[in-house]
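Working through the structure, step by step
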Amino acid sequence: MFFPLPDDSNHTERTRDRFNESWHRMFMAVINAVKLVLGAATILLMYLWFGPAMEDWFRGPDPLTPQQEKAMLSARSERAAKAEQDKIENGIHMATGLKVAEGWELVRTTCTACHSAALVTQNRATYEGWEDMIRWMQATQGLWDLGDTEPKILEYLANNYAPDESGRRANLDVDEIEWYILEL
Ligand code: HEC
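Computed from a predicted model, the values in this text were never measured in an experiment. (Residues numbered from 1 in each chain as written. Predicted model: local features only at pLDDT ≥ 70, side-chain atom pairs only at ≥ 80, totals over all residues. Heavy atoms only, no water.)

A word on the overall build of the protein chain
For clarity, the cut-off: Think of it this way: any DSSP run of H or I at least four residues long counts as a helix, any run of E at least two long counts as a strand, and we number them from the N terminus. Two things to know: the radius of gyration comes from C-alpha atoms, and the globule rule equals 2.2 Å times the number of residues to the power 0.38. Relative accessible area decides the class of each residue, using a 1.4 Å probe on protein chains only: under 20% of the type maximum gives buried, over 50% gives exposed, and in between gives partly exposed.
Of regular secondary structure, the protein chain possesses seven helices and two strands. Moving toward the C terminus, one meets the helices and strands of the protein chain in the order α-α-β-β-α-α-α-α-α. In terms of overall dimensions, the protein chain is more spread out than a globule: its C-alpha atoms have a radius of gyration of 45 Å, far above the 16 Å expected for 184 residues. Its C-alpha atoms put the protein chain at 135 × 55 × 25 Å along the principal axes. By the burial criterion, 16% of the 184 residues in the protein chain qualify as buried.

Concerning the coordination of the iron atom of the ligand
Operational definition: Only nitrogen, oxygen and sulfur atoms qualify as donors, provided they sit within 2.8 Å of the metal or within 3.2 Å for Na, K and Ca; with water excluded from the atoms, sites may seem incomplete. Labels for metal geometry use angle windows, namely 85 to 135 degrees for all angles of a four-donor tetrahedral site, and for square planar (four donors) or octahedral (six donors) sites opposite donors over 155 degrees apart plus all others within 65 to 115; sites meeting none of these are irregular.
On the protein side, the iron atom of the ligand has His115 (NE2) and Met137 (SD) as donor atoms, found 1.9 to 2.0 Å from it. Around the iron atom of the ligand sit six donor atoms; with metal-centred angles ranging over 86 to 180°, the donor geometry is octahedral. On the criterion of sequence distance, the pair formed by histidine 115 in the loop between helix H3 (104–111) and helix H4 (118–121) and methionine 137 in helix H5 (residues 127–140) is long-range, its members being 22 residues apart. Residue methionine 137 is classed as partly exposed on the basis of its relative accessible area of 22%.

Regarding the site of the ligand
Which entries qualify depends on this criterion: A molecule or strand has a residue near it when one of that residue's heavy atoms lies within 4 Å. Pairs of N or O atoms within 3.5 Å make up the polar contacts considered here, provided that, within protein, one atom can donate a hydrogen while the other can accept it, and that residues adjacent in sequence are counted only when both atoms are side-chain atoms.
Neighbouring residues of the ligand: 18 residues in total, closest Cys111, Cys114, His115, Met137 and Gln141. Within the side chain of histidine 115, a nitrogen or oxygen atom sits 2.7 Å from a nitrogen atom of the ligand. The biggest single contributor to the shell around the ligand is H5, with five residues.

A short note on the domain arrangement of the protein chain
Much of the literature gives interface size as the accessible area that the parts lose upon coming together. The test is simple: In this entry, domain limits derive from an automatic or database-based domain assignment.
Its domain assignment divides the protein chain into domain 1 (13–63) and domain 2 (87–164). Computed from C-alpha coordinates alone, the two centres of domain 1 and domain 2 are separated by 82 Å.

Digging into the packing of aromatic side chains
Defined as follows: Here a Phe, Tyr or Trp ring, Trp counted by its six-membered ring, pairs with any other such ring whose centre lies within 6.5 Å, and the pair is stacked when the planes are under 30 degrees apart, edge-to-face when over 60, and tilted otherwise. By definition here, charges over rings are those cases where NZ of Lys or CZ of Arg is within 6 Å of the ring centre and within 35 degrees of the ring normal.
Summed over the entire model, instances satisfying the criterion amount to three aromatic pairs. Aromatic side chains tryptophan 57 and phenylalanine 58 sit 6.5 Å apart centroid to centroid with 65° between the ring planes, which places their arrangement in the edge-to-face category. Cation over ring: lysine 99 sits above tyrosine 161, and NZ or CZ is 5.0 Å from the ring centre.

Some remarks on the pattern of salt bridges
Note the following rule: The salt bridge criterion pairs a side-chain nitrogen of Lys or Arg with a carboxyl oxygen of Asp or Glu, the two atoms within 4 Å.
Overall, the coordinates contain six salt bridges when judged by the stated rule. In this structure, lysine 87 engages glutamate 84 in a salt bridge whose closest nitrogen and oxygen atoms are separated by 3.6 Å. For lysine 87, a relative accessible area of 33% puts it in the partly exposed group. Glutamate 131 is the salt-bridge partner of arginine 135, the closest N and O atoms lying 3.5 Å from each other. With arginine 135 and glutamate 131 both in helix H5 and four residues apart, the pair spans about one turn of that helix. Here the residues in one salt-bridge network are Lys82, Asp86 and Arg108, joined through shared partners.

Brief notes about the nonpolar core
So the rule is basically this: Among the buried residues, those of types Ala, Val, Leu, Ile, Met, Phe, Trp, Tyr and Cys that are joined through side-chain atoms within 4.5 Å form a nonpolar core. We call two residues contacting when some pair of their heavy atoms lies within 4.5 Å.
Grouped together as the largest cluster of nonpolar side chains are 16 residues, with contacts concentrated most on Leu98, Trp130, Ile153, Tyr156 and Leu157. Elements with a contribution of two residues or more to this core: H3, H5 and helix H6 (149–160). Here this core gets four residues from one element, more than from any other, and that element is H6. If we ignore the near neighbours within four places in the chain, the residues touching leucine 98 are Gly91, Ile92, His93, Trp104, Val107, Arg108, Ala117, Val120, Thr121, Tyr156 and Tyr161.

Some thoughts on H5
The cut-off we apply is this: Every helix has an expected span of 1.5 Å times one less than the residues it contains.
Under the 1.5 Å per step criterion, the end-to-end length of H5 is 20 Å for 14 residues, consistent within 8% with the ideal 20 Å. Of the residues flanking the end of H5, it is glycine 142, one or two places downstream, whose phi is positive at about 80°.

Details of the side chain of arginine 108
Turning to its location among the elements, arginine 108 is positioned in helix H3. Setting aside anything within four residues of it in sequence, one finds arginine 108 in contact with Gln85, Asp86, His93, Thr96 and Leu98.

Here's the deal with helix H1 (residues 13–59)
Heads up, the condition is: To get the bend at any residue, fit one axis to the seven residues that end at it and another to the seven that begin at it, then take the angle between the two axes.
Taking 1.5 Å of rise per residue, 47 residues should cover 69 Å, and H1 covers 65 Å from first to last C-alpha, within 8% of that figure. Maximum bend of H1: about 55°, positioned at phenylalanine 50, with proline proline 52 one to four residues after it. Where H1 ends, the next residue or the one after it, glycine 60, has phi of about 80°, a positive value.

What follows is the structure in structure tokens.
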């Protein structure tokens, strides 16, 4: 790098070189100082800009207010109660004791409005027998017209709470079965 030396012919080549060298060092020192200041300013600016957001990252979620905590706990126990209500084990709906089969939810909603499902599960009857019980409840106990749901309810009852003798289907006779390929 070239730095002008005051024009004075007395300087030797060596003095000139040394002068140039010291100029160069000073110049680089100034440049480095400027870089340092710019770097520090950049970091400061970034901190001012992003600092608040970063504090949020590290702080974690706000603690819950007592109301929020109560709401969370009650939502959790509601969910647990609902799960308990819906629990099904070995094909039996645990809360009502009803067998889980086609139409069972209709029976659950319709037939537990006035009494426990135990009245249903403890009884056995044919389709007609169940129909008679429904007619009796309609005549004397204020059971409403079941409309379209009646045949579905009766199907469920007759299939799942049939008189014991006819309640169990005969064993399959494997030799009698005509096997066929299921086409999908
Ligand atoms: C409007 C109210 C009501 C509804 C809904 C109702 N029942 Fe009843 N049911 C009664 C009453 C009241 C009794 C008599 C209870 C008693 O004797 O303690 C009864 C008795 C019964 C009995 C016992 C009958 C007997 O001979 O001992 C059965 C079985 C029965 N209900 C089945 C059902 C079925 C199945 C459904 C759904 C289709 C149903 N109930 C819906 C009111 C109702």
